[in-house]
Amino acid sequence: MKKPVILCALFLVVCGLASADPATRLRADAEWMCQAVVKVDADAIVQHTYPGLVEKIGGPAAMKDVVVAGQAELEKSGLKVVSNEITSISEPVQAGAELHAVVRTKRVVRGRTGRQVLHSYVIAVSRDEGENWTFVDGQKLKPQHVMALFPDFNVDLVLPGPSEPVFERDTN
């Protein structure tokens, strides 16, 4: 008698996870992307970058080259991303056929003499009603870039302004 109840409960949990709401899926995909940045997983970063941006850069191979070159530049400067965490996520808004949201992050980059803390954000985009999310780094985006990437951008989604990194020198 207990076995059917346990199987039924397991089935309900699995169905609940499979049909997670857009906000739950957004958090999961954003956390995955944050970790890909820390691990320097270029393939994962390309996979979770907004396809419109990947296309404008020249396709997945060109996008991967940009990611790898950016990492090489960091390493050459003696820098390494040591953490990248979500600080907040906005409610998704409808923007034409897409959902958009802002994911604020705190990125810590370690250097030879200290660390740099940057509060930044990405624009999260779903083309399938919140089942899957891709991202565009928003820190350096100007309004004309946003409109070029997202012609149906919903102005109800407030984008944070750029922020300057804060350098914390080691005391040792």
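If you're wondering where the values come from, they're calculated on a predicted model, not measured in any experiment.

Caption draft 1: Structural context of the environment of A36. In this structure, A36 sits in helix α2 (residues 22–39). The exposure class of A36 is buried, given its relative accessible area of 5%. Apart from residues lying up to four places away in sequence, A36 is in contact with D41, A44 and I45.

Caption draft 2: Structural detail: the pairing of strand β3 (residues 98–110). Alignment of strand β1 (residues 80–89) against β3, held across eight bridges, turns out to be antiparallel. Each residue of the ladder has a partner; that of S88, found in β3, is R104. The pairing of strand β2 (residues 93–95) with β3 spans three bridges and is classified as antiparallel. Residue pairing in the sheet places Q94 in a bridge with L99 of β3. Where β3 meets strand β4 (residues 114–126), 12 bridges bridge the pair, whose relative direction is antiparallel. Residue V108 lies in a different strand from β4, and its bridge partner there is V117.

Caption draft 3: Molecular detail of α2. Between its first and last C-alpha, α2 extends 25 Å over 18 residues, near the 26 Å set by a 1.5 Å rise per residue. Among the residues of α2, L26, D29, A30, M33, C34, A36 and V38 are the ones counted as buried. Looking at the buried residues of α2, the elements they touch are α3 (42–47), β1, β3, β4 and β5 (134–137). Taken from the residues just after α2, V40 is the one with a positive phi, measuring 55°.

Caption draft 4: Up close: the packing of aromatic side chains. Throughout the structure, instances matching the rule amount to one aromatic pair. Between Y50 and F150, the ring centres sit 4.9 Å apart and the planes meet at 45°, which makes this aromatic pair tilted. A residue pair is termed long-range when its members are at least 10 positions apart, and Y50 in the loop between α3 and α4 (51–57) and F150 in the loop between α6 (143–149) and β6 (166–169) qualify at 100 residues. Per residue, the accessibility class of Y50 equals that of F150, and both read buried.

Each value, and the rule that gives it
Residues numbered from 1 in each chain as written. Predicted model: local features only at pLDDT ≥ 70, side-chain atom pairs only at ≥ 80, totals over all residues. Heavy atoms only, no water. Helix = DSSP H or I, 4+ residues; strand = E, 2+ residues; numbered from the N terminus. Buried < 20%, exposed > 50% of the residue type's maximum accessible area, 1.4 Å probe, protein only. Contact = heavy atoms within 4.5 Å. Pairing = 2+ DSSP bridges. Expected span 1.5 Å × (residues − 1). Phe/Tyr/Trp six-rings, centres within 6.5 Å; stacked < 30°, edge-to-face > 60°.

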